[in-house]
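# Descriptive structure summary
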Amino acid sequence: MSGATSSLNCGAEVLARTLGSVSQPIDLRSMATGGASIRGIRQAVKQAMPDPNLVLVQATPAFPRICLNCEKPASVTLKLGKSFLVDSEHDSDSVADTFPIVESFEVFICPSCLAQRSGELTQPSPWLPIRRLMSHANGFAGLVVIAISSLFFKEAFFPFKLAPLIMGLLPLSIGIWLIRPVWQNSLHLILPKPTLIDRAIEFTPALNLDHEPYWRAYQFRSTSYADSFRQANIHHLWDTKSPDAQRAAKLRKAESNRSNWIVGIIVGLVLAWSLWSELISPFLNGE
Ligand SMILES: [Zn+2]
């Protein structure tokens, strides 16, 4: 049964490709460096379908037991981490905040490709912690404030004095408060530079909106690997045009209409009240 469905899917894809369908190719690797919001990535993925190298899967995917790189049978797994820089949703005239989403999956790999990858991996720079702190202006500000707190702490010990200790705690906590988000938002910098093997797979962050199951897009360099991956997840594929997707879109639209109505009624009541209190009521009272 699943074999029949899959050959039907393949048939549809071949037909779409032969007819020159309007799908637009997508480059997830360059999208991952920032500039798109979740909605933007979602839209690009939808426009790219059907794409033989792009697979949309709900929930946690199952990886085929073949090497990600050479596609020989494989039993060793490799935890592959990737980052995706995502823009927050914003108005067209304001600057978007970019935040990293770091995800990893265990893929199968053969011993020789694993060895090849280890050879290509670059060692993390000893300056990495500094780079992380300097990735946002608040990181530098936080360091300066912590340096100021250290001046108080110098006075607080040998012999111990309580006042400078308390005075020092304030800038210290401000410094930590400034640095913490910078540290968390630079997690993507600790990932090693992707090797050639790492680039055999790209994946997006979760792209589901309200009322949809959790799903994301996976893109593979090899079409035959993508076929094996599609087969391994045949019961959990996500289709952006499926009845489930359409039902979720209708529910979201109904909700947004409902909130528009609620906002509309509140605005209407406020207007009616100001009209009454500013104009009608004084007029009736002959003021
Ligand atoms: Zn291999």
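In what follows, the accompanying structure is described. Every value quoted in this text rests on a predicted model; they were computed, and no experiment measured them.

## Notes on the overall build of the protein chain
Check the secondary structure of the protein chain and you find nine helices and five strands. What you see in the protein chain, going N to C, is helices and strands ordered as α-α-α-β-β-β-α-α-α-α-β-β-α-α. When the 287 residues of the protein chain are sorted by exposure, 20% land in the buried category. Looking at the protein chain alone, contacts between residues at least 24 apart form 73% of all its contacts between residues at least 6 apart.

## Looking at the sheet that holds strand S5 (residues 215-220)
Spatially, three strands are ordered S1-S5-S4 in an open sheet, and the strand pairing comes out antiparallel. Of all strands in the sheet, those bounded by a partner on one side alone are strand S1 (54-58) and strand S4 (201-203). Here the strands of the sheet are splayed against their neighbours by 25 degrees on average, with no regard to which way each runs. Pairing of S1 with S5, which is carried by five bridges, proceeds in the antiparallel orientation. From the neighbouring strand, valine 57 faces S5, where its bridge partner is arginine 216.

## Focus: the packing of helix H6 (residues 137-156) against helix H7 (residues 162-184)
Where H6 meets H7, the axes come as close as 8 Å, and the angle between the chain directions of the two elements is 160 degrees. Here H6 is positioned roughly antiparallel relative to H7, judged by the angle of their axes. Crossing geometry of H6 relative to H7 is assigned as left-handed. Contacts between H6 and H7 involve Asn138, Gly139, Ala141, Gly142, Val145, Ile146, Ile148, Ser149, Phe152, Phe153, Glu155 and Ala156 on the former and, on the latter, Pro164, Leu165, Met167, Gly168, Pro171, Leu172, Ile174, Gly175, Leu178, Ile179 and Val182. Classifying every residue of the contact of H6 with H7 by side-chain character gives 16 nonpolar, six polar and one charged.

## As for the environment of isoleucine 101
By the secondary structure assignment, isoleucine 101 is in strand S3 (residues 98-109). Looking at isoleucine 101, the number of C-beta atoms within 10 Å reads 16, which means it is partly exposed. Separated by 104 residues in the primary sequence, isoleucine 101 and proline 205 have C-alpha atoms spaced 6.8 Å apart. Residues contacting isoleucine 101, with those up to four places away along its chain left out, are Ser83, Phe84, Val86 and Pro205.

## Observations concerning the environment of proline 64
Along the chain, proline 64 turns up in the loop between S1 and strand S2 (76-87). The class for proline 64 is buried, based on 20 C-beta atoms found within 10 Å. Spatially, the C-alpha atoms of proline 64 and aspartate 227 are 9.8 Å apart, while their sequence positions differ by 163 residues.

## Here's the deal with the environment of leucine 189
Checked against the element boundaries, leucine 189 lands in the loop between H7 and S4. Expressed as a C-alpha distance, the spacing of leucine 189 and leucine 128, which sit 61 residues apart in the sequence, is 7.7 Å.

## Examining the nonpolar core
Note that soluble globular proteins tend to have their nonpolar side chains buried in a common cluster. Formed by 34 residues in total, the largest nonpolar core has its most connected members in Leu68, Ile201, Ala217 and Tyr218. Going through the elements one at a time, helix H2 (28-31), helix H3 (38-48), S1, S2, S3, S4, S5 and helix H8 (223-232) are the ones with two or more residues in this core.

## Re unusual backbone geometry
Residues methionine 49 and proline 50 are joined by a peptide bond in cis, for which omega reads -5 degrees. Secondary-structure assignment places proline 50 in the loop between H3 and S1. Phi angles above zero are rare outside glycine, and alanine 59 is one such case at about 60 degrees. Its location among the elements puts alanine 59 in the loop between S1 and S2. Judged by the 12 C-beta atoms lying within 10 Å of it, alanine 59 falls in the exposed class.

Conventions used here
Residues numbered from 1 in each chain as written. Predicted model: local features only at pLDDT ≥ 70, side-chain atom pairs only at ≥ 80, totals over all residues. Helix = DSSP H or I, 4+ residues; strand = E, 2+ residues; numbered from the N terminus. Buried ≥ 20, exposed ≤ 12 C-beta atoms within 10 Å, placed from the backbone. Contact = placed C-beta atoms within 7 Å. Pairing = 2+ DSSP bridges. Axes fitted to C-alpha atoms, helices over the stretch in contact; angles between N-to-C directions. Parallel < 35°, antiparallel > 145°, perpendicular 65-115°, else oblique. Left-handed = near helix turned anticlockwise from the far one by under 90°. Nonpolar A, V, L, I, M, F, W, Y, C, P; charged D, E, K, R; others polar. Core = buried A, V, L, I, M, F, W, Y, C linked by C-beta atoms within 7 Å.

The quantities given are spatial measurements derived from coordinates; they are silent on function.
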